[in-house]
Number of protein chains: 2
Amino acid sequence: MTENNSSKPGEVVIKMVLDAWHSKVSQLDKLLSELSDEQLMKEVAPGRNRGIYLLGHLTVLADSILPLLGYEKLAPHLWTPFVQTPDKETTDLPSVNELRQEWMKVKTLLAEKMSAINSDEWLQKHTAISEEDFVKEPHRNKLNVVLSRVSHLDYHLGQMQFLKPRLK
Amino acid sequence: MTENNSSKPGEVVIKMVLDAWHSKVSQLDKLLSELSDEQLMKEVAPGRNRGIYLLGHLTVLADSILPLLGYEKLAPHLWTPFVQTPDKETTDLPSVNELRQEWMKVKTLLAEKMSAINSDEWLQKHTAISEEDFVKEPHRNKLNVVLSRVSHLDYHLGQMQFLKPRLK
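Residue positions are given per chain, counting from 1 as you read along its sequence in written order. Note on labels: chains are lettered from A, ligands numbered from 1, in written order. Two thresholds apply to this predicted model, a pLDDT of at least 70 for residue-level local features and 80 or more for giving and counting side-chain atom pairs, whereas whole-chain, interface and lining totals are computed over all residues. No hydrogens and no water enter the side-chain calculation; it runs on all heavy atoms of the structure.

Enquirer: Explain the overall build of chain A residue by residue, including any values.
Expert: Think of it this way: any DSSP run of H or I at least four residues long counts as a helix, any run of E at least two long counts as a strand, and we number them from the N terminus. Looking only at helices and strands, one finds nine helices and zero strands in chain A. Helices (α) and strands (β) of chain A occur, in sequence order from the N terminus, as α-α-α-α-α-α-α-α-α. In terms of overall dimensions, chain A has a C-alpha envelope of 55 × 35 × 25 Å along the principal axes. Residue contacts are defined here by distance: any two heavy atoms, one from each residue, within 4.5 Å place the two residues in contact. Summarising the internal contacts of chain A: among those between residues at least 6 apart in sequence, 69% fall at separations of at least 24. Within the structure as shown, chain A displays about 7,900 Å² of accessible surface, and the carbon and sulfur contribution to it stands at 52%. Averaging the locations of the 21 positively and 23 negatively charged side chains of chain A gives two centres separated by 6 Å. Method for areas: the Shrake-Rupley scheme with a 1.4 Å probe, in which residue coverage is limited to the protein chains shown. Positive charges are assigned to Lys and Arg, negative charges to Asp and Glu, while His and the chain termini are left out of the count. Every charge is mapped onto a representative atom, which is NZ of Lys, CZ of Arg, CG of Asp or CD of Glu.

Right, here's the structure in full:
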């Protein structure tokens, strides 16, 4: 591959993926600022997950990026209620307000850790793949974890959007 | 940037993004195969867009990648009803069956065109940005168009999922 107007094609593409992550995080933040705690207690559609569950779920999935990058999780206690347990099967959940704080802490720490990773490191293997497999599958790198989480965030953002009142 | 176990870091990341696109397309295909035309005529949530509208909308947004890559659109006639017009404001829509065909044609042509683009080209400017701006913003390349469409597809996939009956 020859190098085009950027002298470092890998870096341009890494920036694209990280920018996409930060942009989706901002989109969720904006939505959260528009929704009251009461609205977040509602189901996004009849019989579907509630806003509080999706907020917890997205917090956990963001938090789970940390160990793949080599850091410790910040909110491991949220894994059971928001990933392993379907919504409405336990009443033992943090409040919406507590979850807003957890999300804030996780996204902030993640942004800090992400900004400290250099381009070389982004394309190195994440911690859940062996050296042998990585030689055959070099796309299973740290950046790919973020890429898949960008899409996952958008998937649930589309659903959480329904918590906003319909425009008349 | 030194080169890690892939000798071409740009290529690895390009493959990651293209794989993500193809994976989301397959996910939509799977969902479409599970939904009847009648189900696709339903709103994804009360008062929200219908499945038919989102299918048309996603077809248009996939189709709109073609001109940014330098090719002609296949379904320009779908732009007005599925992007410019909100759902349920016109009765002049193709049938669900016709839309299934349009989606099939667009995704197939797009996959064909995508496979013919080499790594250099993916990182070149798309057709909607000037040479001057591109020098300052090299991330506004062809690959970034696909990256943003991956997320967009997932956003609506999350919503269309609600057309499936809830598990008891």
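Enquirer: Outline helix H9 (residues 142–160) of chain B, listing residues and values.
Expert: Within an α-helix, residues lying three or four positions from one another point in the same direction, as the helix has 3.6 residues per turn. Residue and element names in this part refer to chain B. Take the residue count of a helix, subtract one, and multiply by 1.5 Å to get its expected span. Along its 19 residues, H9 runs 27 Å from first to last C-alpha, staying within 8% of the 27 Å computed at 1.5 Å per residue. Type-normalised accessible area, obtained with a 1.4 Å probe on protein chains alone, sets the label of each residue: buried when under 20%, exposed when over 50%, and partly exposed for intermediate values. The element H9 is largely enclosed, with a buried count of 16 among its 19 residues. Throughout this description, a polar contact denotes any pair of N or O atoms lying within 3.5 Å of each other; where both atoms belong to protein, one of them has to be capable of donating a hydrogen while the other can accept it, and for residues adjacent in sequence the pair is counted only when both atoms sit in side chains. For H9, the capping residue at the N-terminal end is Asn 141, with a side-chain oxygen 3.2 Å from the backbone nitrogen of Leu 143.

Enquirer: Explain the side chain of Glu102(A) to me, and be specific about the residues and the numbers.
Expert: Structurally, the position occupied by Glu102(A) is in helix H6 (residues 96–115). The buried charged residue Glu102(A) lacks any salt bridge, with Lys105(A) as its nearest oppositely charged partner at 4.2 Å. When a carboxyl oxygen of Asp or Glu lies within 4 Å of a side-chain nitrogen of Lys or Arg, that pair is called a salt bridge.

Enquirer: For the packing of helix H3 (residues 51–63) of chain A against helix H9 (residues 142–160) of chain A, give the residues involved together with the corresponding values.
Expert: Residues and elements named next belong to chain A. Between the N-to-C directions of two axes lies an angle of 0 to 180 degrees, each axis being a line fitted to C-alpha atoms and, for a helix, fitted only over the stretch in contact. Taken N-terminus to C-terminus, the directions of H3 and H9 make an angle of 170°; their axes are 11 Å apart at the nearest point. Compared by their axis directions, H3 and H9 come out roughly antiparallel. Where H3 approaches H9, its residues Gly 51, Leu 54, Leu 55, His 57, Leu 58 and Leu 61 are matched on the opposing element by Arg 149, His 152, Leu 153, His 156, Gln 159 and Met 160. Three categories are distinguished: nonpolar for Ala, Val, Leu, Ile, Met, Phe, Trp, Tyr, Cys and Pro, charged for Asp, Glu, Lys and Arg, and polar for the others, with Gly belonging to the last. Considered class by class, the residues forming the contact of H3 with H9 number six nonpolar, five polar and one charged. For this classification, under 35 degrees means roughly parallel, over 145 means roughly antiparallel, 65 to 115 means roughly perpendicular, and everything else is oblique.

Enquirer: Which residues make up the interface of chain B and chain A, and what are the values?
Expert: The interface is formed by 48 residues belonging to chain B together with 48 residues belonging to chain A. Note: buried area is the sum, over both parts, of the accessible area (probe 1.4 Å) each one loses when the two are combined. A combined buried area of about 3,900 Å² lies between chain B and chain A, and 63% of that area is made up of carbon and sulfur atoms. Counting across the interface, chain B meets chain A through twelve residue pairs in polar contact (both at pLDDT 80 or more). The biggest single contributor to the side of chain B that touches chain A is helix H1 (residues 9–34) of chain B, with twelve residues. Residue composition of the side of chain B that touches chain A, grouped by class: 22 nonpolar, 17 polar and nine charged.

Enquirer: I'd like a description of the relation of the copies chain B and chain A, backed by residues and values.
Expert: Superposition record for chain B on chain A: RMSD 0.0 Å, screw rotation 180°, translation along axis 0.0 Å. Both copies are brought into coincidence by an operation consistent with a two-fold rotation axis. Interface overlap between copies: 100% of the residues of chain B at the interface are likewise at the interface in chain A, consistent with a symmetric, same-surface contact. Alignment of the copies relies on least squares applied to C-alpha atoms, considering only residues that score at least 70 for pLDDT in both.

Enquirer: Tell me about the packing of aromatic side chains, and name the residues and values.
Expert: Residues and elements named next belong to chain A. A pair of Phe, Tyr and Trp rings is counted when the ring centres sit within 6.5 Å of each other, with Trp represented by its six-membered ring. The angle between the planes then sorts it: under 30 degrees is stacked, over 60 is edge-to-face, the rest tilted. Per the counting criterion, the structure on display carries three aromatic pairs over all chains. Here the aromatic rings of Tyr 53 and Phe 82 are separated by 5.8 Å at their centres, their planes lie at 50°, and the arrangement is tilted. One end of the pair, Tyr 53, is in helix H3; the other, Phe 82, is in helix H5 (residues 79–84), with 29 residues separating them in the sequence. As far as burial versus exposure is concerned, Tyr 53 and Phe 82 are alike and both buried.

Enquirer: Outline the environment of Ala116(A), listing residues and values.
Expert: One can find Ala116(A) in the loop between H6 and helix H7 (119–122). As for Ala116(A) and Ala20(A), which are separated by 96 residues in sequence, their C-alpha atoms are 17 Å apart.

Enquirer: How would you explain the pattern of salt bridges if you had to name every residue and give the values?
Expert: When their charged atoms lie close together, side chains carrying opposite charge are able to pair. Within the structure shown, the criterion is met by 20 salt bridges over all chains. With a shortest N-O distance of 2.7 Å, Lys88(B) and Glu43(B) are connected by a salt bridge. Placement of the pair is Lys88(B) in the loop between helix H5 (79–84) and helix H6 (96–115) and Glu43(B) in the loop between helix H2 (37–40) and helix H3 (51–63), with a sequence separation of 45 residues. For Lys88(B), a relative accessible area of 39% translates into the label partly exposed. Residues joined by salt bridges that share partners form a network here, namely Lys30(A), Glu34(A) and Lys164(A).

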